[in-house]
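Secondary and tertiary structure notes
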Amino acid sequence: MRYFLDTEFNGFGGPLISLALAPEDGGVPFYAALPCPDPTPWVAEHILPALDVAPISREAMGRAFSDYLGDDPDPLLIADWPEDIAHAAQLLIAAPGHRYPIDRIRFELCDAFGFDSAALSKRPHHALSDAMALREYILAREARRF
């Protein structure tokens, strides 16, 4: 199945704050957040107040992420920004030389020209809302092709 991915992070190139997956079939999404002890001013104003979930440890988030995708034999995570993919891939690292158990995972950086999460998301800069907006945008674009 395809999962539309979005993340929030602490400034350009900064550490992961939240990650969301919106499954193509509209099923239960994945959404979790990490502590952000030293947020940039913009993140403190726009991201942290809107998290809607209590932050958990990176280990707990990695396990939950792996468990969420674990029953899918061929998950494909689709993102519109390379850092989203990088953060998702890094979340699978459990310890040096060890990763959380997932048999297979694929990532795709989509051509989402025209997609603007600030304009299309119900709650801009909220990973889950942005992932859902990306899903709707891509699925609608694909439907117009046929």
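An account of the accompanying structure is given in this report.

Definitions and limits used
- Residues numbered from 1 in each chain as written.
- Predicted model: local features only at pLDDT ≥ 70, side-chain atom pairs only at ≥ 80, totals over all residues.
- Heavy atoms only, no water.
- Pairing = 2+ DSSP bridges.
- Helix = DSSP H or I, 4+ residues; strand = E, 2+ residues; numbered from the N terminus.
- Axes fitted to C-alpha atoms, helices over the stretch in contact; angles between N-to-C directions.
- Contact = heavy atoms within 4.5 Å.
- Salt bridge = Lys/Arg side-chain N within 4 Å of Asp/Glu carboxyl O.
- Buried < 20%, exposed > 50% of the residue type's maximum accessible area, 1.4 Å probe, protein only.

**What to know about the sheet that holds strand β3 (residues 30–33)**
- Strand order in this open sheet of five strands is β3-β2-β1-β4-β7, and the pairing throughout is mixed. Two strands in the sheet have a free side with no partner beyond their single neighbour: β3 and β7 (106–109). On average, each strand axis in the sheet is tilted by 25° relative to the strand beside it, whichever way the strands run.
- Relative to β3, strand β2 (residues 16–23) runs antiparallel, the two sharing four bridges. Within β3, the position partnered with Ser 18 by the bridge is Ala 33.
- In the packing of helix α3 (residues 82–91) onto the sheet, contacts are made with β1 (2–9), β2, β4 (76–79) and β7, and the angle to β1 comes to roughly 95°.

**Concerning the pattern of salt bridges**
- Overall, the coordinates contain seven salt bridges when judged by the stated rule.
- In this structure, the salt-bridge partner of Glu 59 is Arg 63, at a minimum N-O distance of 3.3 Å. Here Glu 59 pairs with Arg 63, and both are found in helix α2 (residues 58–69), just four residues apart, close to one helical turn.
- For Glu 59, a relative accessible area of 46% puts it in the partly exposed group.
- Accessibility expressed as a relative area gives 44% for Arg 63, which makes it partly exposed.
- In this structure, Arg 104 and Asp 74 form a salt bridge, with 2.8 Å as the shortest nitrogen-oxygen distance. With Arg 104 in the loop between β6 (98–99) and β7 and Asp 74 in the loop between α2 and β4, the pair connects residues that are 30 residues apart, well separated along the chain.
- For Arg 104, a relative accessible area of 44% corresponds to the partly exposed category.
- Residue classification places Asp 74 among the partly exposed residues on the basis of a relative accessible area of 26%.
- If you follow the salt bridges from partner to partner, you end up with Arg 2, Glu 24 and Glu 142 in one network.

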